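Residue-level listing of the chains:
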Amino acid sequence: MNNLKNQQWQERFGWIYYNENEIFHSNQKQIDDLVKNYADDGITILIGFSCTHFRWNHVLNWREINECIGRYVKACHKYGIRYVEHHSSHLTYNPIGQEQIDAVEKAFAFHGSSTKSWAGFLEYSQGDPVINGKNISTFRQISGATGKFARSNYRGYCMCFNNPDYRKEYFKYLESVYDQDIDGIMTDDVQYFGQGWWGDWSACTCIHCRKLFKEQTGYDIPQPEQWNDFYENYSNPVYIAWKKFKHASTTRFAHDVNRHFESLGYKLLRPNYISSIVRENPTSYPFENCTDLWDFVFQENISLIVIKESFYDVATEAIHRFAMARHKSIPSMSMFYPRTDDSLYFAWGLCKIWGQLFTQCSRNLKGQMKEYIYRNFEIKHKQFYEAPQKISDLAFLLSADTRDFSIGNKVTMRRFATWLQASYAYGFMTDMVFENEDIDIYSKFKYIVLCNTKMLSDSMLSKLYKYVENGGNLIIIGPFAVYDDKGQSDPQRVERVFTKLPSTPGIKKINKGSIFVIEDSECIDHYQNSVRVPNYMDEYALTNPTPDYVIDALKQTGGKALYSIIQQKNIEASSSMQIIYSLYKHGDNAAINIMNVDKAVSKNNEQVSLSTPIEGYTLNSQKAAAVDLSVKLDFLPKAIIACIPESNEEKVIHFIEINNRIHFSIPKNTFYGYCLVKVYG
Ligand SMILES: [Zn+2]
């Protein structure tokens, strides 16, 4: 089954668990039956998920785990499904104190297991066992703040990607997994941690990192007593160099995983994901730097979020993944944990709005939710879902330099995300470009927004100037190119390398293009955050209040400010109910996706849980109000047809063309939650 890398847009991902029962007490027939459920739902790729995710705690059961993986692979191949193995590459549970011990026990109980069921778990979590003559503790990341073992944010230790002994043993383990004939591999958590809480990323300063860093940069990593002055001091070139070194170390490791399996003759699928990266990448996760490796890039919309309340937050990540995937012409995807049929439908609809593949990871209700309805709908209308080309109004430049290496990056990136969200909420087809893309990509966008882009290299400034010269339009918001990529500040640099900026607000024309400068304060300083429940393991009982509703205020401020410059949208839609929508080109055709979100985000601080019903997506929902649309297309449609997943009915929509725009209405009572409008070219 290896060597299949085509037809990526037709893949449908699912997640399959293997826990204590499957590892120790299952036979091939039972696993075959389990996998058949997924085949019936239309799944084509299954990713394994296990309570043995922290694989290094289970060294004494590696043989049984591999045998179990082997049964899953066999079952998958029987049904034409590809199997991707997925585990943590280096994290271990090492709970300290009763509270942490109880929490780890609870995590195992959630998966129907107990730490006591695993040979040597206690020794491997509390002791220092020897692996092929090496103490496991010698593999560990070291915190620069303490000089001691770094703690992950998961009640344990972590290992260093620059440690040759760790690499050797891990790659050897991977070989034993590859022997099971798997089709893909995900080596999770390639990240540097610190002291075990969010905000401290002081690893790694192990002897291997110190030596390599010195060799590569000539600098020394400071000792713990100098750490306070060093850590997050972005005016210190040594700190920036160390952070870049960490990025380079994880990037090298990710590439070495590929080089290793390729050297063994394997061609494995490499899906990869991160929950959020638009605002920060504090753990040096090798994601954007490894686009050459990934076959699918996705976001995990974590199990704690109430989907209907959180999609305006998650949408900013979807813009990022879509743009990142386009860079390599591969699909992007969203992974959700819906707990009810209506949240499954809602989450699937969001993926269609965002031009993404959909995948869901809800173990508890597997087999009860009707995923096949949406999968069948996708297959039936596949020419309106595959390889979407976003018909974008504008693109935001995500400057990884600003995000990762500039002073005050947390504040600047919050402003960046707020403007991005305002643009999305306003209904702009909002896109993203990256520093490592060349000018041909930039020139595909009529407007590029530089929002709080504090750090820009000289070469970036030259590229942006050329973009404007060639007819592009830059919208500059807030601080701009204050630092070069070494963190140095020179007040004359922008004028020297780029051009003198107009006063704020102002416009400067250069050749066929323009530079617009607007005040950062034009957009409110309030981001619509996700709503999380306190604990995913008690999903039905727990509620949390929703935050203040700021979407309308974002539209009225940031959205309007952008519209005052751009003055049109490629798709305009209005309705008496609140909707979200999108427009993509698919070959000669176009697809418009509409969702009724009228009752989705609460407007008055309600208590919500993971199972709060979503009007429009439940069985007894009212049908939706009419929607008036106007779209800008580069072709005159042959026909426009509306269809919905709830029935086979298709509605022919009449349209007119005025001033190069197509106008039409979706009549009331056409759809409930989601509507696909097929525009035939
Ligand atoms: Zn290290």
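Residues numbered from 1 in each chain as written. Predicted model: local features only at pLDDT ≥ 70, side-chain atom pairs only at ≥ 80, totals over all residues. Heavy atoms only, no water.

1. Here's the deal with the pairing of strand β27 (residues 661-666)
Where strand β23 (residues 627-632) lies against β27, six bridges are found, and the strand directions are antiparallel. Residue Ser630 lies in a different strand from β27, and its bridge partner there is His663. Pairing between strand β26 (residues 655-658) and β27: four bridges, direction antiparallel. Opposite Ile656, over in β27, you have His663 as the bridge partner. Once β26 ends, the chain turns through two residues before running back antiparallel as β27, passing Asn659 with a positive phi of about 50°. (Pairing = 2+ DSSP bridges. Helix = DSSP H or I, 4+ residues; strand = E, 2+ residues; numbered from the N terminus.)

2. Considering the domain arrangement of the protein chain
In terms of domain boundaries, the protein chain breaks down into domain 1 (8-300), domain 2 (394-522) and domain 3 (569-680). Just the C-alpha atoms count here: the centres of domain 2 and domain 3 sit 33 Å apart. Between domain 2 and domain 3, the residue contacts involve five residues of the former and seven residues of the latter. A combined buried area of about 460 Å² lies between domain 2 and domain 3, and 70% of that area is made up of carbon and sulfur atoms. Considering only the side of domain 2, the residues that lose the most area to domain 3 are Tyr424, Gly427 and Met429, jointly responsible for 77% of the buried surface there. Here domain 2 and domain 3 share zero salt bridges between them. (Domains from an automatic or database assignment. Contact = heavy atoms within 4.5 Å. Buried area = accessible area lost by both parts, 1.4 Å probe. Salt bridge = Lys/Arg side-chain N within 4 Å of Asp/Glu carboxyl O.)

3. Quick look at the coordination of the zinc ion
Surrounding the zinc ion are the protein donor atoms Cys160 (SG), Cys204 (SG), Cys206 (SG) and Cys209 (SG), at 2.2 to 2.3 Å. Viewed at the metal, the four donor atoms of the zinc ion are separated by angles of 98 to 114°, and the geometry they form is tetrahedral. In primary sequence terms, the donor set of the zinc ion follows C-x43-C-x1-C-x2-C. Note that Cys160 is positioned in the loop between β5 (134-135) and α6 (164-178) and Cys204 in the loop between β6 (184-188) and α7 (207-217), a separation of 44 residues in sequence. Both residues of the pair, Cys160 and Cys204, belong to the buried class. (Donors = N, O, S within 2.8 Å, 3.2 Å for Na, K, Ca; no water. Tetrahedral: all angles 85-135°; square planar, octahedral: opposite > 155°, others 65-115°. Buried < 20%, exposed > 50% of the residue type's maximum accessible area, 1.4 Å probe, protein only.)

4. Considerations on the layout of surface pockets
What the second largest pocket holds in volume is close to 820 Å³. Forming the walls of the second largest pocket are 32 residues, and the residues nearest its centre are Arg326, Gln389, Lys390, Ile391 and Ser392. Listed by contribution, the elements that provide at least two residues to the lining of the second largest pocket are α10 (307-326) and β11 (389-390). In terms of residue count, the dominant contributor to the lining of the second largest pocket is α10 (three residues). Here the lining of the second largest pocket is composed, by residue class, of 14 nonpolar, eight polar and ten charged. (1 Å grid on protein atoms, 1.4 Å probe; cavity = no way out; pocket = protein on both sides within 12 Å on 5 of 7 lines; lining within 4 Å. Points joined across faces, edges and corners; volume = space filled by probe spheres on them. Nonpolar A, V, L, I, M, F, W, Y, C, P; charged D, E, K, R; others polar.)

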